[in-house]
Amino acid sequence: MPEAPSPIPKARPQAPRRAVVTGTAGFIGSHLALALLKRGSTVIGVDRRDAGADPVAAENLAVLRGQPGFVAITADLRTCAVEPLLLDADAVFHLAGIPGVRPSWGPKFDDYVACNILATQRIMEAASRLRVPRLVVASSSSVYGSTDGSPSKESDHPRPASPYAVTKLAEEQLCLAHAARPDCATSVVALRYFTVFGPRQRQDMFIHRVLTAALDGQAIRIFGDGSQRRDFTYITDVVAATIAAGTASVGNSVINVGGGNTTSLNEVIDLARYLTGQPVPVETTTTRNGDVPTTRADSRTARRLLRWRPRVDLATGMTAQLDWLTSHQHVVV
Ligand code: NAD
Ligand code: UGA
């Protein structure tokens, strides 16, 4: 029987008093840190990239500079002392990691393992020792692998199809294994984000590239025939789910963060053409290993446990991303 829709509160989710956000120089982490600060949290932001040396990090961190309550720490979580960062935290939002499905086949795999698994072990151990009440960890829709196109449920058997996806599954399960110990006072919520988009999206990602192709006329390379479908999820919706996970009265859990609507790359190209009024030059190239045909979230757990549902549709979110791209002098790497 279909689940009855639960009421969605209009109020913003409550935010932890003192939060640690790892990956604050990144796309999602910078948005999350800002949203937490706006809700009155103190935010200890940790990233190994620093604004002085990395132009993308500088662009992401610029929104946080001067915000009351923000403390930026440049540190590599593979090696730094973690406990001092987590002292007195009410919640740790662990987003630092190496994202991206396609580059994970190559020699960068060591970095995926070190940052996504070994560094996470250090964070989880420190959180557990300090009895931090909640750790929210950024997992990924990629853990599901190839599906038949029906919505992926958290209870589905994971079949990661890329080295990246293997590290994300290991990362979430590692945290959950720690949290299941009877002596562990830290509860873990693993959020499986579905292809996130919006202003400051990573430049390797599809929507950034398609809008940029429309704006500057340089062709975007499509890996395959463009029929692959993604459950594109807007950044403010992802942030809202993440903040809710920081304080929700739930035990150790895995929760999809995606709305259940899928759109093909070809449909996104059409939308980009419509929104920009420009042609989108396209080159077709081979399908990439590990690139699954469809991602689609079953979002009922997020609705039930976090009282969350996405609010921003693809056209609205792409319009905001386009506005950001055209109104900012942004760096291209
Ligand atoms: P991003 O690359 O923009 O941000 C990640 C940040 O983590 C970077 O600033 C990087 O410097 C930092 N980092 C990596 N290793 C570190 C280390 N050892 N010590 C300190 N900092 C380190 O990526 P994003 O798109 O914002 O993704 C954030 C998280 O969400 C990642 O864990 C990613 O796997 C996950 N995720 C992202 C998406 C998406 O669509 N963007 C979807 C699913 C999951
Ligand atoms: C994204 C993130 O990059 C991953 O870090 C994250 O874990 C994953 O979402 C997730 O949902 O878990 P992906 O879905 O591959 O991964 O997102 P994009 O990089 O935006 O790619 C979307 C689709 O566009 C893929 O099929 C990709 O092959 C295609 N693409 C991307 C192209 O055809 N050309 C490009 O230049 C870029």
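Each remark here, short or long, concerns the structure printed above.
Residues numbered from 1 in each chain as written. Chains lettered and ligands numbered in written order. Predicted model: local features only at pLDDT ≥ 70, side-chain atom pairs only at ≥ 80, totals over all residues. Heavy atoms only, no water.

J.: Please set out the overall build of the protein chain residue by residue, giving values where relevant.
T.: A tally of helices and strands in the protein chain yields 10 helices and 13 strands. Taken against the 2.2 N^0.38 rule, which gives 20 Å for 333 residues, the C-alpha radius of gyration of the protein chain at 19 Å falls within 12% of a compact globule. If you line up the protein chain on its principal axes, its C-alpha atoms span 55 × 55 × 45 Å. Within the protein chain, buried positions represent 53% of all 333 residues. Put simply, of all contacts in the protein chain between residues at least 6 apart along the chain, 84% involve residues at least 24 apart. As presented, the protein chain carries roughly 14,600 Å² of accessible surface, and 53% of it is formed by carbon and sulfur atoms. The protein chain carries 36 positive and 30 negative side-chain charges, and their two centres are separated by 4 Å. (Helix = DSSP H or I, 4+ residues; strand = E, 2+ residues; numbered from the N terminus. Rg over C-alpha atoms; globule rule 2.2 N^0.38 Å. Buried < 20%, exposed > 50% of the residue type's maximum accessible area, 1.4 Å probe, protein only. Contact = heavy atoms within 4.5 Å. Areas by Shrake-Rupley, 256 points an atom, 1.4 Å probe, with all protein chains shown as cover. Lys, Arg positive; Asp, Glu negative; His and termini not counted. Charge placed at Lys NZ, Arg CZ, Asp CG, Glu CD.)

J.: Give me the lowdown on the site of ligand 2, citing residues and values where you can.
T.: The immediate surroundings of ligand 2 are formed by 22 residues, with Arg102, Ser140, Ser141, Tyr164 and Asp291 found nearest. Take Phe206: an N or O atom from its main chain is 2.9 Å from an oxygen atom of ligand 2. Computed on the free molecule, ligand 2 has an accessible area of 690 Å², of which 96% lies beneath the protein chains in the complex. Counting residues per element, the ones that place at least two in the shell around ligand 2 are helix H6 (206-216) and strand S8 (220-223). Take the shell around ligand 2: its biggest share by element is 3 residues, from S8. (Near = heavy atom within 4 Å. Polar contact = N/O pair within 3.5 Å; in protein donor to acceptor, adjacent residues only side chain to side chain.)

J.: Can you explain the packing of aromatic side chains? Please cite residues and give values.
T.: Evaluated as defined, the whole model comprises 4 aromatic pairs. Aromatic side chains Tyr144 and Phe194 sit 6.3 Å apart centroid to centroid with 35° between the ring planes, which places their arrangement in the tilted category. Here Phe194 lies in the loop between strand S6 (187-193) and strand S7 (196-197) and Tyr144 lies in the loop between strand S5 (134-140) and helix H5 (163-179), a separation of 50 residues in the sequence. Taking relative accessible area as the criterion, Phe194 reaches 0% and is therefore assigned buried. Relative to Phe232, the ring of Phe197 has its centre 6.5 Å away and its plane inclined at 85°; by these criteria the two rings are edge-to-face. (Phe/Tyr/Trp six-rings, centres within 6.5 Å; stacked < 30°, edge-to-face > 60°.)

Function cannot be read off these values alone, since they describe shape.
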